[in-house]
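Chains, contacts and geometry: an overview
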Amino acid sequence: MKLVFAGTPAVALPTLDILAAHHEIVSVITREDAPQGRKRVLTPSPVASRASELGIPTIRANRLDDLVTKQVADLQPDLGVIVAYGGLVRNPLLETPRLGWINLHFSLLPRWRGAAPVQWSVMSGDSEAGASVFQLVAALDAGPEFARLTRPIGAHETSGHLLEALSHEGAALTAKVVDELEAGTARSTPQHGEVTLAPKITLEHARIDWTEAADVAFCRIRATTPEPGAFTVVDGLRLKILQAAPAYDTAALSPGTLDNDGGRVLIGTATTPIELLQVHPAGKKPMSATDWWRGLGAGQPHLADIPATNRFDTP
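This structure is a prediction, so every number in the text was calculated from the model and none was measured. (Residues numbered from 1 in each chain as written. Predicted model: local features only at pLDDT ≥ 70, side-chain atom pairs only at ≥ 80, totals over all residues. Heavy atoms only, no water.)

Turning next to unusual backbone geometry. With an omega of 10 degrees, the peptide bond between N91 and P92 qualifies as cis. With respect to the helices and strands, P92 occurs in the loop between β6 (79-83) and β7 (101-105). The phi dihedral of W112 falls on the positive side, at around 65 degrees, and the residue is not glycine. Within the secondary structure layout, W112 lies in the loop between β7 and α4 (117-123). Its relative accessible area of 5% is what places W112 among the buried residues. Non-glycine residue D235 carries a positive phi angle of around 55 degrees. Summarising the element assignment, D235 is placed in the loop between β10 (231-234) and β11 (237-246). Relative accessible area serves as the criterion here: at 45%, D235 is assigned to the partly exposed category. (Helix = DSSP H or I, 4+ residues; strand = E, 2+ residues; numbered from the N terminus. Buried < 20%, exposed > 50% of the residue type's maximum accessible area, 1.4 Å probe, protein only.)

Written out as structure tokens, the structure reads:
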């Protein structure tokens, strides 16, 4: 079957790879090269790089406009497949492939429609996550569903780990749906359940509020790891938290208060403290929390800043 594939980040690569191995991908659509690193060097997206390796023609576009629609129409694809492209597909492009478009979305729809489903799932303390393959329609992530998979969320699992696992499991699920569409055996069902939204995660979402309970703060740390990166501000300097864990076996500390308990670096929350394990201080390399603590000044009290309340609305 002739496919057009739209995607941008690395999580789209497993699906691109498995589809390229079994179908003809007539074109890949991905976002334009973007500046990366401190020197802001223009860099192709992971999907653009993989398409080049596979010898697949690529359309680079940040908007799926009339020009993109014409380019796709000229290719006469049977089906469009989209995984984390980073933009909306609207008519007439939506109806250009013979079978329309299907979307691999990393949530159990209709829960967590939107740009950051895995992060919001972890941040909200969900016990399970999943992936859904559905027919793309004009409304946001609202089309009928062909297939889904579920998996538990580990107690210490980060969004990065979860998304990596779902990208591979979801690729196999998408390939199965594509095969069924080709054979004419695919069946879809309308989405059912409460709709929740997963808007884009910002840096402010990643700032930890130590007046929250330890479990809530820990979910936020895991949800924003590795991107945009959980952080706090200590002595006026930003401290990125790379790894942490609730310290249920220690005495309570006032929210934001830092302490060293037998070599364990602890920070107080509204309930039990959280132990900092690995951190990345501003202007330095990542290091263990104990090494960072040694540089703070022994015997001096240290307090993490508490962000203002009502920083954003939970969806």
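Glancing now at the pattern of salt bridges. Inspection of the entire model under this criterion finds 14 salt bridges. In this structure, the salt-bridge partner of K176 is E180, at a minimum N-O distance of 2.7 Å. Within this pair, K176 and its partner E180 are both found in helix α5 (residues 159-183), separated by four residues, close to a single helical turn. For K176, a relative accessible area of 47% translates into the label partly exposed. (Salt bridge = Lys/Arg side-chain N within 4 Å of Asp/Glu carboxyl O.)

A word on helix α6 (residues 214-223). Most of α6 is tucked away, with eight of its ten residues classed as buried. Within the span of α6, buried status applies to A214, A217, F218, C219, R220, I221, R222 and A223. The secondary structure elements touched by the buried residues of α6 are α4, α5, β11 and β14 (274-281). (Contact = heavy atoms within 4.5 Å.)

Next up on the list: the packing of helix α1 (residues 13-22) against α5. Two elements in contact, α1 and α5, have axes separated by 8 Å at closest approach and are oriented at 35 degrees. Read as a crossing pair, α1 and α5 show a hand that is right-handed. The residues of α5 that touch α1, namely those facing P14, T15, I18 and L19, are S167, H168, A171, A172, T174, A175 and V178. Here the contact of α1 with α5 is composed, by residue class, of seven nonpolar, four polar and no charged. (Axes fitted to C-alpha atoms, helices over the stretch in contact; angles between N-to-C directions. Left-handed = near helix turned anticlockwise from the far one by under 90°. Nonpolar A, V, L, I, M, F, W, Y, C, P; charged D, E, K, R; others polar.)

Glancing now at the layout of surface pockets. Reported here for the largest pocket is a volume of approximately 1600 Å³. Every residue lining the largest pocket is counted, 49 residues in all, and those nearest its centre are P9, A84, Y85, G86 and A115. When residues of the lining of the largest pocket are traced back to their parent elements, those giving at least two are β3 (34-36), β7, α4 and α5. Of all the elements, α5 adds the most residues to the lining of the largest pocket, at four residues. (1 Å grid on protein atoms, 1.4 Å probe; cavity = no way out; pocket = protein on both sides within 12 Å on 5 of 7 lines; lining within 4 Å. Points joined across faces, edges and corners; volume = space filled by probe spheres on them.)

This next bit is on the nonpolar core. Within the largest apolar cluster, 43 residues are counted, with the highest numbers of intra-cluster contacts made by F5 and I102. When residues in this core are grouped by element, the largest group, seven residues, is from α5. (Core = buried A, V, L, I, M, F, W, Y, C linked by side-chain atoms within 4.5 Å.)

A separate point is the pairing of β7. Most of β7 is tucked away: five of the five residues are buried. The side-chain alternation of β7 yields two buried faces, one formed by W101, N103 and H105 and the other by I102 and L104. Pairing between β6 and β7: three bridges, direction parallel. Its bridge partner being in β7, G80 is matched across the sheet by W101. Pairing between β7 and strand β8 (residues 128-135): four bridges, direction antiparallel. Bridge pairing in β8 links L104 to V133. (Pairing = 2+ DSSP bridges.)

Along the chain, the position of L13 falls in helix α1. For L13, a relative accessible area of 13% corresponds to the buried category. Ignoring sequence-local partners within four residues, the contact set of L13 consists of P46, V47 and R50.

All right, on to the side chain of S159 then. Here S159 lies in helix α5. On the accessibility criterion, S159 (5% relative accessible area) is buried. Separated by 2.7 Å, the side chain of S159 and the backbone oxygen of A223 make a polar contact. Beyond its immediate stretch of four places on either side in the chain, S159 contacts V118, Q119, V122, R222, A223 and T225. (Polar contact = N/O pair within 3.5 Å; in protein donor to acceptor, adjacent residues only side chain to side chain.)

Moving on, we get to the sheet that holds strand β5 (residues 58-60). Ordered in space as β5-β2-β1-β6-β7-β8-β9, the seven strands form an open sheet in which the pairing is mixed. Each edge of the sheet is formed by a strand with only one pairing partner; in this case those strands are β5 and β9 (145-152). In this sheet, adjacent strand axes meet at a mean angle of 15 degrees when their direction is disregarded.

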